[in-house]
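# Fold and geometry: a report
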Amino acid sequence: MNHDYQKDISGCGLTGLISRKRRRIGGADIVKSLCLMTDRGNGLGAGYAAYGIYPEFKDFYAFHIMFDEPSVRWTLEEYLKNNYHIEKIEEIPTSPVKAIPIAPLLVRYFVTPLKDKMAGDIQEADFVVNTVMKVNSEIEGAYIFSSGKNMGAFKGVGNPRDIAEFFRIEEYEGWTWTAHTRFPTNTPGWWGGAHPFTLLDWSIVHNGEISSYGINKRYLEMFGYKLTLLTDTEVAAYMLDLLIRRQGLDIPSACLVLAAPFWKKIDSLPEGEREALTALRQTYGSALLNGPFSILFGHSKGLVGINDRIKLRPLVAATKDDVTYMASEESAIRAICPAPDKVWAPRAGDPVIVNLED
Amino acid sequence: MFKSLAPPEYLATIDREKCIRCKRCIQNCGWGVYSWGGDKVLINTSKCVKCLRCYHYCPEEAIEIVDNPTRFKQNAYWGYNHLRNIKRQAETGGIPLTGMGSDLPYTILFDSLLIDACQVTNPSIDPLREPMELRTYLGKKPSSVEFEKGRDGKLKLKTKMPPQLKLSLPIIFSPMSFGSISLNAQKVLAMAAKECGILMNTGEGGLHEDLFPYRDNIIVQVASGRFGVNPDYLNAGVAVEIKIGQGAKPGIGGHLPGEKIPLEVARARMIPVGTDAISPAPQHDIYSIEDLRQLIYAIKEATNYKPVSVKIAAVHNVAAIASGIVRAGADIVYLDGFRGGTGAAPSIIRDHLGIPIEHAIAAVDDRLRQEGIRNEASIIAAGGIRSSADAAKAIALGADAVAIATAALITMGCTTCGKCYTGNCSWGITTQRPELTARLDPEVYAERLINLIHAWEHELKEILGALGINAIESLRGNRERLRGVGLDTQILDILGVKPAGR
Ligand code: SF4
Ligand code: SF4
């Protein structure tokens, strides 16, 4: 049993935006919004995720991989070639930044699983998840930090401005963006430890500390997840993967698991709903994320913002035309959208769910 | 008569200057220590068990009960208990009996575990201002649920949920039969269970009709003696428990002598007055796990699928056994650690068989998770829960709820004197003598037990608040919030707990 781990604790700031109409927005906005909250981090981690950035490869899984040293690359590529058709390999474009003297080797692969490698009736998504789990836990020095289609995460050790310049974020265009600046309190800076944390199309940025981490982790392990990062964010990401992709809950129901309503509220509902929510809490008690958090999670069809059930971390939302903004601070929204149509503070546990139009 | 060579354990003394000869001590002592000598109270101190009933009821504080200073010579190897038992065995040729849980100084893991608290990076929560949820449901849970959208667009449940037992807090009362304890003591448990929204358990003594009004808060037990078992009985509570073993006497049956079977007990047990009530060591229709499965399903059929709990003593191989029980269809696995109490057990068995509950919870919870079946049954942990802190630690190790018995009896006056097997309990708890049971007023003592449960409830909420969580399910199995002090690597590994400082 893996219990003798050191959990990663950090405070942070987060921001995100989405164009319902799939209008692709340049990276400059999200960078500006995040940089306004630079003081919520301590320069030990920042990152961005964007959807709709690889239209020419939209049918391929985009693996963003970091290598602690270049030689590991060949081991990894050997493994990939045996299991995937590789459409394209390229180093992720970066610019030299003074504040980032050393960086891991960063390469992206556009791939699709080889049909004959998917034994039995294993689903394509499960196959990709297994690859991510295997590489991250077994190939020392290689780390897949992004694995979805037509989306990507860019993250590392540095402050929001430096990381944006390093990854040339402003050159990408996407319809959904999330970003994060970090204040780790106990980990040495590791590039993989920054947010967003992703798995398949899921990307998570998270602010807070999940006090129920221990049981959430053990619950996920029962379903075969390997928690290698030891962060709350990883727990949140896998929990969503389990609830939504594997067990088929819809997003609103999954939110009712992560930030479950209080019994008092459930008891007061009309019978059918009461029965449904009671069953949800009885079944998924170990999946309740308890403790302070605000989370933005992006996926191929939209963006969701959610708070813990007594709102111990800030989250503000705003809309302007087809765009919805969510951030830790209202100022981070107003920095890029000075006159929103509507601004509000979502209530504790009430998710803000935005779906892309088809 | 031959004078026992085992010196009395306690000396009961009366300060003759203070004594007003009211004779209350004579009335109160169930063991016959005191008698009237015409002009003063006589004392037969060899009968004293230090239950302290006389001390509490003496109006003049004239009584003092002290540990007998005249002891065998101190010897670190040949302890007092060894010599005493050998001498008693030499005199009687019998097996010395005892009551309550083992009092030997084995390591107490609960006392080597400390609970976490929040500072800065996550806020603690004030239970006086914020909701703090202890509600617990016992029973099988599906691994996922399915919904359909109702016409009104609201969620509607598609999955059929297995039956659940609702508790307002994760504490229930352990089984104690009518016969081993008095009907009044059972009434105290039933009244408190009802008031607190929790459960009591009949033990294997059948169900007295006075308890019928409390059926929503009762688990009925089926054990090897099958006393009082019929379809009405099985359906008389909210769940049925099959008792395989008891922590204090794993592998051992029970024997309630005929003298303790007056009419009322006989009726509840459905046996003739004055016959010995013998519970065989095994259940004679359960010699294997497949037999257990058949009984579980027979009971489910007879009760229209009420939850079935299976109670076992924590023994060396408890994880594999519990896994088998879950796969056999049990909704609840009740683990009873070796510190668990008893009305009567051979002391050699009580003190030397089984394993502590802390190890058992950790091993069972781990095993059920490894097999991916932890959701299939709830775990109740019992056997020496002394405080809400023990309860919190047991839950953090992986239990869904804890069961308490000794703590509940202590609210009724019990001083853990350990002489329950004599049937003379001066507090009216573990006795059927009418003059003794009459002194246990159910209304009065239910109030005390309710106070205890409420006090523990408040304490549990304070603990959760300090941990920065507001629902008990976030503590359950959350071993990350426990640390071990002074435990070696192997025990930490078994418990799945880090040492303090990590
Ligand atoms: S109860 Fe106390 S005062 Fe009364 S007879 Fe006994 S020792 Fe004396
Ligand atoms: S129940 Fe009575 S006899 Fe048993 S330990 Fe408690 S006080 Fe002593």
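None of these values were measured; they are calculated from a predicted model.

### With respect to the overall build of chain A
In terms of helices and strands, chain A carries ten helices and 18 strands. Relative to a compact globule of 358 residues, whose C-alpha radius of gyration would be 21 Å, chain A shows 19 Å and is just as compact. Dimensions of chain A, computed from C-alpha atoms along their principal axes, come out at roughly 60 × 50 × 45 Å. Classification of the 358 residues of chain A by burial places 63% in the buried group.

### Observations regarding the site of ligand 2
In the region of ligand 2, the neighbouring residues are W31, M100, C414, T415, T416, C417, G418, K419, C420, C425, W427 and T430 of chain B. Looking at the shell around ligand 2, its residues break down into seven nonpolar, four polar and one charged.

### Topic: the nonpolar core
Residues and elements named next belong to chain B. With 122 residues, the main nonpolar core has Y34 and F173 as its most contacted residues. Top contributing element to this core by residue count: helix α14 (residues 442-467), with eleven residues. Looking at this core, you find at least three residues from each of domain 1 (10-94) and domain 2 (170-463). If we ignore the near neighbours within four places in the chain, the residues touching Y34 are A12, I14, C25, I26, C29, V41, L42, I43, C54, I63 and I65.

### A word on the site of ligand 1
The full set of residues close to ligand 1 is I14, C19, I20, R21, C22, K23, R24, C25, V41, C58, P59 and I63 of chain B. Taken together, the residues of the shell around ligand 1 sort by class into nine nonpolar, no polar and three charged.

### As for the environment of G43 of chain A
All names here are of chain A. On the secondary structure map, G43 appears in the loop between α1 (28-35) and β3 (46-51). Relative accessible area serves as the criterion here: at 28%, G43 is assigned to the partly exposed category. Along the primary structure G43 and V157 are separated by 114 residues, whereas in three dimensions their C-alpha atoms are 7.0 Å apart. The residues contacting G43, other than those within four sequence positions of it, are V157, G158, N159 and R182.

### Comments concerning the pattern of salt bridges
All names here are of chain B. Under the definition given, this model contains 51 salt bridges over all chains. A salt bridge links D67 to K50, with the nearest nitrogen and oxygen atoms 3.2 Å apart. Of this pair, D67 sits in strand β4 (residues 63-67) while K50 sits in the loop between β3 (41-43) and α2 (53-57), and the two are 17 residues apart along the sequence. Between R481 and D116 there is a salt bridge; the shortest N-O distance is 2.8 Å.

### So, the interface of chain A and chain B
The interface is formed by 48 residues belonging to chain A together with 50 residues belonging to chain B. Both sides together, the interface formed by chain A and chain B hides about 4,000 Å², and carbon and sulfur atoms give 54% of it. Linking chain A with chain B are six salt bridges. Across the pair E133 of chain B and R309 of chain A runs a salt bridge whose closest N-O atoms are separated by 2.8 Å. Applying the counting criterion to the chain A and chain B interface returns 18 residue pairs in polar contact (both at pLDDT 80 or more). Among the secondary structure elements, those contributing two or more residues to the side of chain A that touches chain B are α5 (213-222), α7 (251-258), α8 (263-267) and α9 (271-283) of chain A. Of all the elements, α9 of chain A adds the most residues to the side of chain A that touches chain B, at eleven residues. Taken together, the residues of the side of chain A that touches chain B sort by class into 21 nonpolar, 15 polar and twelve charged.

### Quick look at the side chain of Q247 of chain A
Within the secondary structure, Q247 of chain A is located in the loop between α6 (232-246) and α7. Setting aside residues no more than four positions away along its own chain, Q247 of chain A makes contact with F223, L242 and Y284 of chain A together with S143 and S144 of chain B.

### Topic: the state of the cysteines
For the structure shown, the criterion picks out zero disulfides over all chains. With no disulfide of its own, C29 of chain B has C51 of chain B as its nearest cysteine by sulfur position, at a separation of 6.2 Å.

### So, the side chain of T233 of chain A
Looking at the secondary structure, you find T233 of chain A in helix α6. With near-sequence residues (within four places) excluded, T233 of chain A lies in contact with H195, F197, I204 and H206 of chain A.

### Re a nonpolar patch on the surface
Residue and element names in this part refer to chain B. A cluster of nonpolar residues, Y77, W78 and I86, forms a patch on the protein surface that exposes about 400 Å² of accessible area. Take Y77: it is sitting in the loop between β4 and α3 (80-92). With a relative accessible area of 67%, Y77 lands in the exposed category.

### Focus on the packing of helix α7 (residues 289-302) of chain B against helix α8 (residues 318-327) of chain B
All names here are of chain B. It is the contact of α7 with α8, at a shortest axis distance of 9 Å, that shows an interaxial angle of 40°. One finds that α7 runs oblique with respect to α8. Crossing hand, α7 versus α8: right-handed. In this structure, α7 uses I289, L292, R293 and I296 to contact α8, whose residues at the interface are G324, I325 and R327. Its residues assigned to classes, the contact of α7 with α8 comprises four nonpolar, one polar and two charged.

### Section: the domain arrangement of chain B
Residue and element names in this part refer to chain B. As far as domains go, chain B holds domain 1 (10-94) and domain 2 (170-463). Computed over C-alpha atoms only, the centres of domain 1 and domain 2 are separated by 32 Å. Across the contact, 14 residues belong to domain 1 and 14 residues belong to domain 2. On the domain 1 side of the contact with domain 2, G30, W31 and R53 bury the most area, a combined 48% of that side's loss. Our count for the contact surface shared by domain 1 and domain 2 stands at zero salt bridges. Across the domain 1-domain 2 interface, the total number found is seven residue pairs in polar contact (both at pLDDT 80 or more). Of all the secondary-structure elements, those providing two or more residues to the side of domain 1 that touches domain 2 are α1 (24-28), α2 and α3. Here the side of domain 1 that touches domain 2 gets three residues from one element, more than from any other, and that element is α2.

### Concerning the sheet that holds strand β14 (residues 302-307) of chain A
Residue and element names in this part refer to chain A. The strand order across the open sheet built from five strands is β11-β12-β13-β14-β18, with neighbouring strands paired in antiparallel fashion. Looking along the sheet, the strands with just one partner apiece sit at the ends: β11 (197-199) and β18 (352-355). Each strand axis lies, on average, 15° off the axis of its neighbour in the sheet, ignoring direction. Seen against the sheet, α6 touches β11, β12 (202-208) and β13 (293-299) and runs at an angle of roughly 135° to β12.

### Some words on the packing of helix α2 (residues 72-83) of chain A against helix α3 (residues 124-138) of chain A
Residue and element names in this part refer to chain A. Two elements in contact, α2 and α3, have axes whose closest approach is 12 Å; the angle formed by their N-to-C orientations is 165°. Here α2 is positioned roughly antiparallel relative to α3, judged by the angle of their axes. In this structure, α2 meets α3 at a crossing whose hand is right-handed. Between α2, through L76, Y79 and N83, and α3, the contact on the second element is made entirely by F127, T131, K134 and V135. Along the lines of polarity and charge, the residues of the contact of α2 with α3 split into four nonpolar, two polar and one charged.

### Considerations on the pairing of strand β14 (residues 239-243) of chain B
Residue and element names in this part refer to chain B. Taken across its five residues, β14 has five buried, putting it largely inside the fold. Where burial is concerned, the two faces of β14 agree: the one with A239, E241 and K243 and the one with V240 and I242 are both buried. Inspection of the sheet shows strand β13 (residues 218-222) paired to β14 by four bridges, in the parallel sense. Counterpart to I219 in the pairing with β14 is A239.

Analysis parameters
- Residues numbered from 1 in each chain as written.
- Chains lettered and ligands numbered in written order.
- Predicted model: local features only at pLDDT ≥ 70, side-chain atom pairs only at ≥ 80, totals over all residues.
- Heavy atoms only, no water.
- Helix = DSSP H or I, 4+ residues; strand = E, 2+ residues; numbered from the N terminus.
- Rg over C-alpha atoms; globule rule 2.2 N^0.38 Å.
- Buried < 20%, exposed > 50% of the residue type's maximum accessible area, 1.4 Å probe, protein only.
- Near = heavy atom within 4 Å.
- Nonpolar A, V, L, I, M, F, W, Y, C, P; charged D, E, K, R; others polar.
- Core = buried A, V, L, I, M, F, W, Y, C linked by side-chain atoms within 4.5 Å.
- Domains from an automatic or database assignment.
- Contact = heavy atoms within 4.5 Å.
- Salt bridge = Lys/Arg side-chain N within 4 Å of Asp/Glu carboxyl O.
- Buried area = accessible area lost by both parts, 1.4 Å probe.
- Polar contact = N/O pair within 3.5 Å; in protein donor to acceptor, adjacent residues only side chain to side chain.
- Disulfide = S-S within 2.5 Å.
- Patch = residues over 30% accessible without salt bridge, like charges linked within 9 Å, V, L, I, M, F, W, Y side chains within 5 Å.
- Areas by Shrake-Rupley, 256 points an atom, 1.4 Å probe, with all protein chains shown as cover.
- Axes fitted to C-alpha atoms, helices over the stretch in contact; angles between N-to-C directions.
- Parallel < 35°, antiparallel > 145°, perpendicular 65-115°, else oblique.
- Left-handed = near helix turned anticlockwise from the far one by under 90°.
- Pairing = 2+ DSSP bridges.

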